[in-house]
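# Coordinate inspection notes
Residue-level listing of the chains:
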Amino acid sequence: MDFEVIIGFETHVELRTRTKLFCDCPVAYDAPPNSLTCPVCSGQPGALPVLNRRAVAYTIKAGLALNCHIHKVSRFARKNYFYPDLPKGYQISQYERPFCENGFLEITGDDGRPYAVGINRVHLEEDAGKLVHSADSFEASEYSLVDYNRSSVPLMEIVTDHTRNPIRSTTEARNYLEKLRQIIRYVDISDCSMEKGQFRCDVNVSIRPPGAEYFCNRSEIKNMASFRFILNAIDYEVQRQWEIMKSGGDMPQETRLFDEATQTTMPMRGKEDAPDYRYFPDPDLLEVDLDETFVEEIRGTMPELPDQRLHRAVREYGLSRPDALILTRDRQISDFFEACLAHYPDGARLGRWMTKDLFKALKDAGISIDAAALRPETFAALLDLVDKGAVTEEIARKLLAELVVKGGDPEQMIKARGLGALQDADALREILDGVIRENPAVVDRIREGEDKPIDFLVGQVMRKTRGKAPAKKVKEMILASLR
């Protein structure tokens, strides 16, 4: 390449607290506009903020998961700017003393190796309100309305460090965002729903000639809430900056917006730096003094993180790495897998059934694992019945689809419906002989050494027995008869 790329993220995560950051107004996403406000979050004169303890604990939890240093003394500041959805005319944020600093997040780099992206800081601030435009796009809107329900919802900001292993490509950018979202959901502090604005990013992009010690002025692309659009915006911005640099043009430091229709970025305003916001300590809030007991209590609630679970799943349970990656991607799935292991110790077989059959049943039903009626002990019991030959895999899959939606006892279901595996060798031989007589051409191909037609005969026997014939035993009988 004729240039090097640096990509930085300021990721905003709405925390899953019951109330807002500085008042008792509830946090909800389906309430009527401006129904969840009070004098504090709407910025009325004389109203005083009171800090939400749980929001602080959640921020510390994220900092621990991202290998950060936790400051024992932190403070809040006023970040001054004017916008219609900011009722006070300033935002309560953190500046010179955030809760967490100097961490890292390990991702897979472009070369396939572990790559520790530097985390500059993790700080806590209040969210702004929300503008509702009269049309789908700002340009087409005749007017805009303001909904202050979101104002002062706890918002955690995670800022990458461009001086320590910055992100260099769209592939690494996706890996970083996916891993960050996964970890936040693992530590259970946010749902990270991008559709609800709970996980959104400002993206900083800059380029430089190879080997240069400086970077050209950066562009910040605001309020991105889609992985696909984030990557498209980065690709466009890199190309745009390269064309400017190649032609010797001027590249101002600016804030830009991404137009989803044209897949291009557009100028919004000049990019502010910290002095433009006139930060100063908030006089209505005391410094936050975190005692060691408080931090250690939070540390004690930390779950096993995705990478730790991944390595343990491969090492202890005999899972293939691809299966382990799938089963540890989501904490609810991983918890379900581990709960099943208490009743069914064959981790490799359990993993195959989950990634192939359980996931299909969940998808067909349109539900998630935590909403399913299937319990871990029930799933383990079903697999145990398959292993004992009490039911065929084909019937077990049909039962699994029902268990996911309605629950139940698989052993009783099998007995009540007469779904047990066909164990009568003479009856099975009679059915197989009939299938062989009905398919002489297929039989000839098997006798000539072909293997694929065997599966056809097995399928015919399964059809005649309505899935109750043990496929493995049928195949053995076919080979014994025709080879």
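One structure accompanies this document, and this report is about it. (Residues numbered from 1 in each chain as written. Predicted model: local features only at pLDDT ≥ 70, side-chain atom pairs only at ≥ 80, totals over all residues. Heavy atoms only, no water.)

So, on to empty space enclosed by the protein. Summed over all chains, the structure comprises 1 cavity of 30 Å³ or more. Looking at the largest cavity, its volume works out to about 50 Å³. As for the largest cavity, its lining consists of Arg309, Arg312, Ala313, Tyr317, Leu319, Leu327, Thr328, Ser334, Phe337 and Glu338. Taken together, the elements giving at least two residues each to the lining of the largest cavity come down to helix 5 (306-317) and helix 7 (331-341). With 4 residues, helix 5 is the largest single contributor of residues to the lining of the largest cavity. Among the residues forming the lining of the largest cavity, the class breakdown is 5 nonpolar, 2 polar and 3 charged. (1 Å grid on protein atoms, 1.4 Å probe; cavity = no way out; pocket = protein on both sides within 12 Å on 5 of 7 lines; lining within 4 Å. Points joined across faces, edges and corners; volume = space filled by probe spheres on them. Helix = DSSP H or I, 4+ residues; strand = E, 2+ residues; numbered from the N terminus. Nonpolar A, V, L, I, M, F, W, Y, C, P; charged D, E, K, R; others polar.)

Take the packing of aromatic side chains next. Scanning all chains against the criterion turns up 11 aromatic pairs. Pairing Tyr81 with Tyr277 gives two aromatic rings, centres 5.9 Å apart and planes at 70°, and the pair type is edge-to-face. Of this pair, Tyr81 sits in the loop between strand 4 (77-80) and strand 5 (90-93) while Tyr277 sits in the loop between strand 14 (264-270) and strand 15 (280-281), and the two are 196 residues apart along the sequence. Ring pairs connect the aromatic residues Tyr81, Tyr95, Tyr277 and Tyr279, which therefore count as one cluster. Geometry around Tyr277 places Lys79 over its ring, the cationic atom sitting 4.4 Å from the centre. For the cation-ring pair, Lys88 lies above Tyr90, with the distance from its terminal atom to the ring centre recorded as 5.7 Å. (Phe/Tyr/Trp six-rings, centres within 6.5 Å; stacked < 30°, edge-to-face > 60°. Lys NZ or Arg CZ within 6 Å of the ring centre and 35° of its normal.)

On to the nonpolar core, then. Ranked by internal contacts, the top residues of the largest apolar core, which has 67 residues, are Phe9, Ile158, Tyr176, Phe199 and Val203. Formed by 37 residues, the second largest nonpolar core is a distinct cluster that contains Met354, Leu358, Val391 and Ala396. (Core = buried A, V, L, I, M, F, W, Y, C linked by side-chain atoms within 4.5 Å. Buried < 20%, exposed > 50% of the residue type's maximum accessible area, 1.4 Å probe, protein only.)

This part takes up the packing of helix 2 (residues 170-186) against helix 5. Closest axis-to-axis distance for the helix 2/helix 5 pair is 10 Å, and the angle between their directions is 90°. The orientation of helix 2 relative to helix 5 falls into the category roughly perpendicular. In contact with Lys179, Gln182, Ile183 and Tyr186 of helix 2, helix 5 contributes Pro306, Asp307 and Arg309. Residue composition of the contact of helix 2 with helix 5, grouped by class: 3 nonpolar, 1 polar and 3 charged. (Axes fitted to C-alpha atoms, helices over the stretch in contact; angles between N-to-C directions. Parallel < 35°, antiparallel > 145°, perpendicular 65-115°, else oblique. Contact = heavy atoms within 4.5 Å.)

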